[in-house]
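# Report on the structure
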Amino acid sequence: MRIFIAEDEPLAAQKLQLFLQKLGEEDTTVFDNGTDLVEALKTMPTPDLLFLDIQMPGLTGIEVLQQLQTPGQSSGKKNLKVIITSAYDQYAIDGFNFGVADYLLKPYTLDRLRQALDKVRPEPFVSIRVDGRTVPIRIIDIVSLAAQKDYTEFTLADGRKLSTIGTLTGFEQQLPAILFSRIQRSYLVGLKHVKNFSASVVSLTTGEELPIGRTYRDSFRQALKALI
């Protein structure tokens, strides 16, 4: 995503950028006052997301939100997704009255930021830890998941296989039930990636063929029928 950050404290802006990089978001532009931000919104392409501090020189965060809501004003960006970042909780009601997506109270954690990002990403994502970094994955790109002791292996539509700590059951609970189905105790498949199937095998769009457990056949067929 293209992300604007309006933050007048350099250390706070750097921390947010570092957290965003860890969450797979590197396209960030920082503004240290509300006036420059509004001017940029006039001339630059609309970002996908704005992190907005409240206490800033020039225009405050609340004043920026007022301009975003005013027809004919500079921005014309009424539908811009905004997440407020503030050390003060008294502005939360004002922020939500302007339709902000979330309100991050400083100091916030990486996990709290991840929750906020998941609300505004253009498509549903799940975030997993791979080799010490967080990797956001579009749910629609997940072809299958396979249990491997304390790990789960994700197979993606582009052919990548990513292993992460966590149980298959735990990830199954995070994913929309309408899009995924168990075909065996150790396998979960993305129904949109099922190419064809028989009584014993599911063929996937990646070319993989996975066995169907006898006790899972009926529930798998029902799930596939419901999706169609």
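See the structure shown above.
These numbers were taken from a predicted model, which means no experiment stands behind them.

Here we come to the packing of helix 2 (residues 34-43) against helix 3 (residues 61-69). Contact pair helix 2 / helix 3: the axes reach a minimum separation of 10 Å and the direction vectors enclose 20 degrees. Between helix 2 and helix 3, the interaxial angle falls into the category roughly parallel. The two elements helix 2 and helix 3 meet at a crossing, and its hand is right-handed. Of the residues in helix 3, those in contact with G34, L37, V38 and L41 of helix 2 are V64, Q67 and L68. Taken together, the residues that form the contact of helix 2 with helix 3 break down as five nonpolar, two polar and no charged.

Right, let's talk about the side chain of D102 for a bit. With respect to the helices and strands, the residue D102 is situated in strand 5 (residues 102-105). Accessibility expressed as a relative area gives 3% for D102, which makes it buried.

So, on to the packing of aromatic side chains. For the structure on display, the rule yields four aromatic pairs. The interplanar angle of 85 degrees and the centroid separation of 5.1 Å between the aromatic rings of F154 and F171 together place this pair among those described as edge-to-face. With F154 in strand 9 (residues 151-156) and F171 in helix 6 (residues 168-174), this residue pair connects regions lying 17 residues apart in the sequence. Assigned by exposure class, F154 and F171 land together as buried. The ring of Y108 is capped by K15, whose NZ or CZ atom sits 4.9 Å from the centre of that ring.

What counts, and at which threshold
Residues numbered from 1 in each chain as written. Predicted model: local features only at pLDDT ≥ 70, side-chain atom pairs only at ≥ 80, totals over all residues. Heavy atoms only, no water. Axes fitted to C-alpha atoms, helices over the stretch in contact; angles between N-to-C directions. Helix = DSSP H or I, 4+ residues; strand = E, 2+ residues; numbered from the N terminus. Parallel < 35°, antiparallel > 145°, perpendicular 65-115°, else oblique. Left-handed = near helix turned anticlockwise from the far one by under 90°. Contact = heavy atoms within 4.5 Å. Nonpolar A, V, L, I, M, F, W, Y, C, P; charged D, E, K, R; others polar. Buried < 20%, exposed > 50% of the residue type's maximum accessible area, 1.4 Å probe, protein only. Phe/Tyr/Trp six-rings, centres within 6.5 Å; stacked < 30°, edge-to-face > 60°. Lys NZ or Arg CZ within 6 Å of the ring centre and 35° of its normal.

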